[in-house]
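Topology and contacts: notes
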Amino acid sequence: MNREEIKQFLPHREPMLLVDWTEGNADGIRATYHVTGEEWFLRGHFPGFPVVPGVITCEIMAQSCTLILGEQLKGKTPFYAGLDKVRFKHMVRPGDTIEVTAKPISIRGSLYVIGAEAKVDGKLACKGELTFYLMDNGQLGK
């Protein structure tokens, strides 16, 4: 799926939509995001040596992970319920393309635990287990 197709599943919009492309199914996905250097989160992190903040790398992984759910996302919004075993191994900088791979670990009702890795040029940048809760859009704001 390209960016416009992804918008049919994720509620995120610019500047927070952080997935450019994805392919896969409920067994696992691959997704990419290209860091242009113009992103809002790089403006002050760090002047003269921009680095993608670790929490943004986790957000890129999270958005990618939730795409495993496919049609289940329609009419629902995924919210973080936990981040476990997260490790940062390599900096992500402007010009880098982050490739995320993700596979489900466990599913309990509306709670999903997904294992993910983010790599740049084959080097592991970040890995972890991300837990999400799917909330019905009708419940938002209540």
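Right above here is the structure, for reference.
Residues numbered from 1 in each chain as written. Predicted model: local features only at pLDDT ≥ 70, side-chain atom pairs only at ≥ 80, totals over all residues. Heavy atoms only, no water.

**Looking at the pairing of strand 5 (residues 111-120)**
Within a regular strand, the side chains alternate between the two sheet faces. Burial of strand 5 is extensive: seven of the 10 residues sit out of reach of the surface. When strand 4 (residues 97-108) meets strand 5, the two strands line up antiparallel, connected through 10 bridges. The residue bridging Val-100 from the neighbouring strand is Ala-118, located in strand 5. Counting the residues that bridge the hairpin from strand 4 to strand 5 gives two residues, and of these Gly-109 lies at a positive phi of roughly 65°. Bridge count for strand 5 against strand 6 (residues 123-136) is 10 bridges, and the pairing is antiparallel. By the bridge assignment for strand 6, Leu-111 is matched with Tyr-133. Linkage of strand 5 to strand 6, two consecutive antiparallel strands, is achieved through a turn of two residues, within which Asp-121 is found at a positive phi near 50°. (Buried < 20%, exposed > 50% of the residue type's maximum accessible area, 1.4 Å probe, protein only. Helix = DSSP H or I, 4+ residues; strand = E, 2+ residues; numbered from the N terminus. Pairing = 2+ DSSP bridges.)

**Examining the side chain of Thr-66**
Tracing the chain through its elements places Thr-66 in helix 2 (residues 54-66). A distance of 3.0 Å separates a polar atom in the side chain of Thr-66 from the backbone oxygen of Gln-63. (Polar contact = N/O pair within 3.5 Å; in protein donor to acceptor, adjacent residues only side chain to side chain.)

**A word on the pattern of salt bridges**
Under the defined criterion, the tally for this structure stands at nine salt bridges. Salt-bridge contacts for Glu-14 lead to Arg-3; the nearest nitrogen and oxygen are separated by 3.3 Å. In this pair, Glu-14 is assigned in the loop between helix 1 (3-6) and strand 1 (21-25) and Arg-3 in helix 1, connecting sequence segments 11 residues apart. For Arg-3, a relative accessible area of 21% translates into the label partly exposed. The salt bridge involving Lys-74 is made with Glu-71; its shortest N-O contact spans 3.6 Å. (Salt bridge = Lys/Arg side-chain N within 4 Å of Asp/Glu carboxyl O.)

**Considering the sheet that holds strand 5**
As summarised here, the arrangement of the six strands in space is 1-2-4-5-6-3, forming an open sheet in which the pairing is antiparallel. With one partner strand each, in any of the chains shown, strand 1 and strand 3 (76-88) form the two edges of the open sheet. Between one strand axis and the next, the sheet turns through 25° on average, direction left out of account. The strands that helix 2 touches are strand 2 (28-34), strand 3, strand 4, strand 5 and strand 6; relative to strand 6, the one it contacts most, it runs at about 60°. (Axes fitted to C-alpha atoms, helices over the stretch in contact; angles between N-to-C directions. Contact = heavy atoms within 4.5 Å.)

**Structural notes on the pairing of strand 1**
Note that strand 1 and strand 2 share five bridges and pair antiparallel. Note on strand 2: the bridge partner recorded for Glu-23 is Arg-30. In this antiparallel pair of consecutive strands, strand 1 and strand 2, the connection spans two residues.

**Let's talk about helix 2**
Because each turn of an α-helix spans 3.6 residues, side chains separated by three or four positions in sequence point in the same direction. The end-to-end C-alpha distance of helix 2 is 18 Å, a good match for the 18 Å that 13 residues give at a rise of 1.5 Å each. Taken across its 13 residues, helix 2 has 11 buried, putting it largely inside the fold. Contacts made by the buried residues of helix 2 are with strand 2, strand 3, strand 4, strand 5 and strand 6. (Expected span 1.5 Å × (residues − 1).)

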